[in-house]
There are 2 protein chains.
Amino acid sequence: MTDAAPPVMTRIQQKNRDLILQAALEAFSTNGFRGATIDQIARAAQMSKPNVLYYFGSKDEIHKALLTTLLDMWLAPMQQIDPRGDPLAEILRYVQAKLQMSRDFPRESRLFAYEILQGAPHLTEVLGGGLREIVDRTVEVLEGWMRDGRLASVEPRHLIFSIWAMTQHYADFEIQVRAVLGPGHDPYQEGLVFLDDLYRKLLAP
Amino acid sequence: MTDAAPPVMTRIQQKNRDLILQAALEAFSTNGFRGATIDQIARAAQMSKPNVLYYFGSKDEIHKALLTTLLDMWLAPMQQIDPRGDPLAEILRYVQAKLQMSRDFPRESRLFAYEILQGAPHLTEVLGGGLREIVDRTVEVLEGWMRDGRLASVEPRHLIFSIWAMTQHYADFEIQVRAVLGPGHDPYQEGLVFLDDLYRKLLAP
DNA sequence: CGTGATCCTGACCGTTTGGTCAATATTCTG
DNA sequence: CAGAATATTGACCAAACGGTCAGGATCACG
C-alpha cells in the first residue's frame with residue numbers, strides 16, 4: 001500500500017511555484033483575472049512565460065491554486081472564535097484580526113473581492129460547501145451566546161456579513177477611503193476604534 | 001454669439017447611445033472593464049461593432065460615459081439627508097435608500113466596485129473632488145447633530161464608510177451572501193432589519 | 001424628389017494573449 | 001562521470017480584441 005500520488009516536490013519546484021504564486025497574487029489582485037497576463041506574471045517572477053506554464057498548466061490553474069492556497073488563511077480568524085471565551089471579547093478580537101488582515105494582506109482581500117464580484121466561478125463549491133459550514137458553526141456559537149443572554153440578539157449571519165463588509169471595505173476600497181479622508185489619516189487605526197465602538201453598542205446584552 | 005457646442009442629439013443618436021450604455025453596463029458590471037468586449041456590447045445592443053464605435057470613439061469612452069452618467073444617481077441619496085430633519089430618521093432613511101439601490105441597481109454597484117478595486121483610473125478627479133465635497137457637507141451635518149447631542153458621537157466619515165460597506169456588500173457580494181444564507185431568504189429584507197437595529201443602537205444619543 | 005447629412009456594416013489590420021513545441025541547459029543519481 | 005530526469009527558453013501559432021476604412025443604406029428637409 002504505497003502513497004497513491006506522493007506530492008513530493010523538488011527544491012526548485014517549491015521555490016518556483018512559490019515565486020509564480022507570489023507574482024500572480026500581485027497581478028490578479030491589481031487587475032483582476034482577465035486583466036492580468038501570463039507575461040506579466042512571468043516577468044514579475046523573473047522567468048520565461050513557457051516556464052510559468054511548465055509549473056502551472058494554464059492561467060486558470062494559477063488562479064485556482066492561488067485561491068485555494070489562500071482560502072484557509074483567509075478564513076482562519078473566524079475559526080479561532082472560542083465558544084468558551086467572553087462573547088464580546090471574542091467578537092471584538094475577530095473584528096480586529098479581520099481588520100489587520102485587510103491592512104496586512106490587502107492583495108488577498110482584493111483577489112477574493114474580484115472573484116466574488118465576478119460570480120465566484122472558481123469558488124462555487126467552496127461557497128456552498130466549506131464556507132457555509134464554517135459560518136454555520138460560528139452561527140451556532142453566536143446563537144448559544146444569545147440564548148444565554150450574554151450577547152444582544154441579532155441575526156447572526158448578517159452580523160458576520162457586517163464584519164466582513166466593514167473590514168474588507170478598508171482594503172478593497174482603500175483608494176476611496178483615502179481620498180475621502182485626505183492625507184494624515186490612518187484608516188485602519190481609526191476604523192478599529194469605530195468598529196470597536198459599533199460592535200460594543202450593538203452586541204451589549 | 002451662438003452656442004459653442006450645442007449637444008443636440010437626433011432621435012436615433014439618443015436611442016442608440018442609450019442602448020449601448022445599457023448593454024455596456026451589463027457587460028462591464030459582470031466581467032469588469034477588461035473582461036468586457038466591444039463585440040459583446042455590440043451583440044447585446046443588437047448592432048455592429050463599428051456602429052458602437054461610431055457613437056463612442058473607444059471602449060474607454062463608453063466606460064467613462066457610463067461612470068459619469070451613473071455617478072450622480074449613485075451619490076444622490078446622501079445629498080437628500082435633511083439637516084433640519086430628525087437625525088436618526090434621516091440616517092436610517094439614507095441606509096434604507098442605499099440598500100434599496102443595491103437591490104434595484106446591483107449592476108451599478110458592481111460597476112463602481114470594479115472601478116474602485118482597480119484603483120479608480122477613471123474616477124480619480126471625482127474621488128478627490130466632488131465626492132469629497134459631498135462627504136464633507138454630510139460630515140458637517142452629522143457633526144452638527146452630534147454637537148447638539150441629538151446623535152451619539154462617532155467618527156462621521158467612518159460612519160459613512162460603514163453604511164457604504166454594508167449596503168453595497170449585499171450587491172457586490174450577493175453570490176456569497178446567498179450561498180451562506182441558503183435558499184428561502186430575502187437578503188435585502190433581512191439586511192434592512194439588521195442595519196436598522198445596528199444604527200439605532202450605535203447612534204442613539 | 002433630390003441631395004446632403006447621418007447612420008450602418010463587411011472586410012480588414014496590427015497587437016495582445018493564452019498556450020504549444022522542439023531544442024537546449026541544468027540538476028540529480030547510480 | 002554518464003545518462004536519465006528535470007528545468008528552461010526562443011520561436012511560433014491561432015484566437016480574440018480594439019480599432020479603422022471605404023462604401024452603401026437610410027433619413028431629414030428644402
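Residues numbered from 1 in each chain as written. Chains lettered and ligands numbered in written order. Predicted model: local features only at pLDDT ≥ 70, side-chain atom pairs only at ≥ 80, totals over all residues. Heavy atoms only, no water.

Per an unreviewed UniProt entry, chain A goes by the name TetR family transcriptional regulator C-terminal domain-containing protein and belongs to Paracoccus rhizosphaerae.

1. Re the domain arrangement of chain A
Residue and element names in this part refer to chain A. Segmenting chain A into domains produces domain 1 (1-57) and domain 2 (66-203). The C-alpha centroid of domain 2 is placed 29 Å from the C-alpha centroid of domain 1. Residue-level contacts link eleven residues of domain 1 with nine residues of domain 2. Here domain 1 meets domain 2 over a buried area of about 860 Å², counting both sides, of which 67% is carbon and sulfur. Considering only the side of domain 1, the residues that lose the most area to domain 2 are Leu21, Leu25 and Ser29, jointly responsible for 55% of the buried surface there. Taking the shortest distance from any N to any O, the salt bridge between Arg107 and Glu26 comes out at 2.8 Å. Counting every contact that joins domain 1 to domain 2 gives one residue pair in polar contact (both at pLDDT 80 or more). Split into classes, the residues belonging to the side of domain 1 that touches domain 2 amount to five nonpolar, five polar and one charged. (Domains from an automatic or database assignment. Contact = heavy atoms within 4.5 Å. Buried area = accessible area lost by both parts, 1.4 Å probe. Salt bridge = Lys/Arg side-chain N within 4 Å of Asp/Glu carboxyl O. Polar contact = N/O pair within 3.5 Å; in protein donor to acceptor, adjacent residues only side chain to side chain. Nonpolar A, V, L, I, M, F, W, Y, C, P; charged D, E, K, R; others polar.)

2. Quick look at the relation of the copies chain A and chain B
Expressed as a screw transformation, the operator carrying chain A onto chain B has a rotation angle of 180° and an axial translation of 0.0 Å, and the superposed copies differ by an RMSD of 0.1 Å. The transformation just described matches what one would write down for a two-fold rotation axis. Residue Ala165 of chain A, judged by its C-alpha, is the member of chain A lying nearest the rotation axis, at 2.7 Å. Interface residue correspondence from chain A to chain B reaches 100%, placing this contact among same-surface, isologous pairings. (Least-squares fit on C-alpha atoms with pLDDT ≥ 70 in both.)

3. Let's talk about the side chain of Lys98 of chain A
Residue and element names in this part refer to chain A. Relative to the elements of secondary structure, Lys98 occurs in helix α5 (residues 87-104). Summary of buried charges: Lys98 has no salt-bridge partner, and the nearest side chain of opposite charge, Asp172, is 8.4 Å away. Contact partners of Lys98, with chain neighbours within four places excluded, come to Trp74, Trp164, Thr167 and Gln168. (Helix = DSSP H or I, 4+ residues; strand = E, 2+ residues; numbered from the N terminus. Buried < 20%, exposed > 50% of the residue type's maximum accessible area, 1.4 Å probe, protein only. Lys, Arg positive; Asp, Glu negative; His and termini not counted.)

4. Let's talk about the protein's contact with DNA strand C
Looking at DNA strand C, there are 19 residues lining it, with Arg11 and Lys59 of chain A together with Thr10, Asn16 and Tyr55 of chain B nearest. At the protein interface, 58% of the atoms of DNA strand C within 4 Å belong to sugar or phosphate. One nitrogen or oxygen atom from the side chain of Lys49 of chain A is found 3.0 Å from a base nitrogen belonging to DNA strand C. The contact in question runs from a phosphate oxygen of DNA strand C to an N or O atom on the side chain of Lys59 of chain A, over 2.7 Å. Listed by contribution, the elements that provide at least two residues to the surface near DNA strand C are α3 (49-55) of chain A together with α1 (11-35) and α3 (49-55) of chain B. For the surface near DNA strand C, the class distribution of residues is eight nonpolar, seven polar and four charged. (Near = heavy atom within 4 Å.)

5. Notes on the packing of α5 of chain A against helix α10 (residues 187-203) of chain A
Angle between the axes and distance between the axes are the two parameters that describe a pair of packed helices. All names here are of chain A. Two numbers describe how α5 lies on α10: the axes approach to 10 Å, and their chain directions differ by 155°. One finds that α5 runs roughly antiparallel with respect to α10. The element α5 and its partner α10 pack so that their crossing is right-handed. Of the residues in α10, those touching α5 at Leu88, Ile91, Leu92, Val95, Gln96, Leu99, Ser102 and Arg103 are Tyr188, Gly191, Leu192, Leu195, Asp196, Tyr199, Arg200 and Leu203. (Axes fitted to C-alpha atoms, helices over the stretch in contact; angles between N-to-C directions. Parallel < 35°, antiparallel > 145°, perpendicular 65-115°, else oblique. Left-handed = near helix turned anticlockwise from the far one by under 90°.)

6. Let's talk about the UniProt feature "DNA-binding region" (unreviewed entry) in chain A
When the UniProt feature table is mapped to this numbering, "DNA-binding region" (unreviewed entry) covers residues 37-56 of chain A. Here residues 37-56 of chain A is 70% helix and 0% strand, with 14 Å between the C-alpha atoms at its ends. (UniProt positions renumbered as here; feature names shortened; annotations may be inferred.)

7. Overview of the interface of chain A and chain B
The interface of chain A with chain B comprises 49 residues on the first partner and 49 residues on the second. Together chain A and chain B conceal approximately 4,600 Å² of surface at their shared face, both sides included; 70% is due to carbon and sulfur atoms. It is Leu117, His158 and Val180 of chain A that lose the most area in chain A upon contact with chain B, and together they represent 16% of the buried surface on that side. Run the count over chain A and chain B and you get zero salt bridges.

8. Quick word on unusual backbone geometry
Peptide bonds are trans in most cases, and residues, glycine excluded, mostly fall at negative phi. Residues and elements named next belong to chain A. Located in the positive-phi region is Gln46, a residue other than glycine, with phi close to 55°. Looking at Gln46, the relative accessible area reads 75%, which means it is exposed. Its identity is not glycine, yet Ala120 carries a phi of approximately 55°, on the positive side. When its relative accessible area of 0% is taken as the criterion, Ala120 is described as buried.

9. Points about the protein's contact with DNA strand D
Neighbouring DNA strand D are 20 residues, the closest being Thr10, Asn16 and Tyr55 of chain A together with Arg11 and Lys59 of chain B. Sugar and phosphate atoms constitute 57% of the interface atoms of DNA strand D, taking the interface as everything within 4 Å of the protein. Lys49 of chain B places a polar side-chain atom, nitrogen or oxygen, 3.0 Å from a base nitrogen of DNA strand D. Lys59 of chain B places a side-chain nitrogen or oxygen 2.7 Å from a phosphate oxygen of DNA strand D. Breaking the surface near DNA strand D down by element, the ones donating at least two residues are α1 (11-35) and α3 of chain A together with α3 of chain B. Within the surface near DNA strand D, the residues separate by chemical class into nine nonpolar, seven polar and four charged.

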